[in-house]
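Each chain is listed here by its residues.
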Amino acid sequence: VIPDLWSMSQTSGRWTVFRYNNRNHSTITINDADHLVDGAAVVTSVIRSGGKYGGVVDLTPAVSNQAAAVVRTIYIQGGDLIVSDKIQARTDKDAKVRWTMVTYGVPTIGTDKVTLKSKGQTLYMSKKEGPAVEWKTWKCSGKPGVDFGSDFDNNNPNMYMCGYEATVEKGQ
């Protein structure tokens, strides 16, 4: 049994559950910390020009205990989805950044990209600029409470989690 499963407080047990915490939802996690529940991300602009459609989101309030500033820009241009995270580390500590996504696509880690294959389709994920990243996969299936998460978690057969880790040095 997870204490305070339905509480939305920072110390709620819900943040140990795979489906509820920030580690598995195509957002960033810094220094393996939970996002701050009182830190609302803010859409600062909408992109609708030059064939780009998307927006800019200030994530700083959700991670202010781990980073000085975090801004995500995401847009579609042609057939591409572009996601850019600009992260400024605090002056007192590095920001070890982890981004993950859960997918049915089977991931293959290459030297500079991840290839996902599912149902005859292929998706490539790569980075264009910024600090060096290490592309990785993580377990998202197995025995709940043993292989991942808590006893409350469900198994996630035929699912994969992939993404990257990078470090932004303090003051950068």
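Residues numbered from 1 in each chain as written. Predicted model: local features only at pLDDT ≥ 70, side-chain atom pairs only at ≥ 80, totals over all residues. Heavy atoms only, no water.

Another aspect to go through is the sheet that holds strand β1 (residues 28-30). In space, the four strands of this open sheet follow the order β1-β6-β11-β10, with antiparallel pairing throughout. Taken across any chain shown, the strands that pair with only one partner, and hence form the sheet edges, are β1 and β10 (134-138). On average, adjacent strands in this sheet sit at an angle of 30° to one another, irrespective of strand direction. As paired elements, strand β6 (residues 95-103) and strand β11 (residues 160-168) share nine bridges and run antiparallel to each other. The partner of K96 across the bridge, within β11, is T167. (Pairing = 2+ DSSP bridges. Helix = DSSP H or I, 4+ residues; strand = E, 2+ residues; numbered from the N terminus. Axes fitted to C-alpha atoms, helices over the stretch in contact; angles between N-to-C directions.)

The biggest cluster of nonpolar side chains holds 21 residues, and the ones touching the most others in it are I28, I30, V70, V97, W99 and M125. The residues touching I28, leaving out its near neighbours within four places in the chain, are N22, H35, V70, R72, D85, I87, V97, R98 and W99. Counting residues in hydrophobic clusters, the runner-up holds five residues, among them F18, W138, C140 and M161. (Core = buried A, V, L, I, M, F, W, Y, C linked by side-chain atoms within 4.5 Å. Buried < 20%, exposed > 50% of the residue type's maximum accessible area, 1.4 Å probe, protein only. Contact = heavy atoms within 4.5 Å.)

With that settled, consider the pairing of strand β9 (residues 121-126). As paired strands, strand β8 (residues 113-118) and β9 are joined by six bridges and run antiparallel to one another. The residue bridging S118 from the neighbouring strand is Q121, located in β9.

Moving on, we get to unusual backbone geometry. Positive phi is not limited to glycine here, since N31 has a value of about 55°. Here N31 is to be found in the loop between β1 and β2 (42-49). Judged by its relative accessible area of 29%, N31 falls in the partly exposed class.

For the rest of this paragraph, the subject is a nonpolar patch on the surface. Side chains of I74, I76, L81 and V83 sit close together on the surface and give an oily, nonpolar patch of about 340 Å² of accessible area. Counting through the fold element by element, L81 comes out in strand β5 (residues 80-89). By relative accessible area, which is 57% here, L81 ends up exposed. (Patch = residues over 30% accessible without salt bridge, like charges linked within 9 Å, V, L, I, M, F, W, Y side chains within 5 Å. Areas by Shrake-Rupley, 256 points an atom, 1.4 Å probe, with all protein chains shown as cover. Salt bridge = Lys/Arg side-chain N within 4 Å of Asp/Glu carboxyl O.)

The sheet built from three strands is open, its strands ordered β7-β8-β9 with antiparallel pairing. Strand pairing shows two members of the sheet lacking a second neighbour, β7 (106-109) and β9, which therefore form its edges. Averaged over all pairs of adjacent strands, the angle between strand axes in this sheet comes to 20°, irrespective of strand direction.

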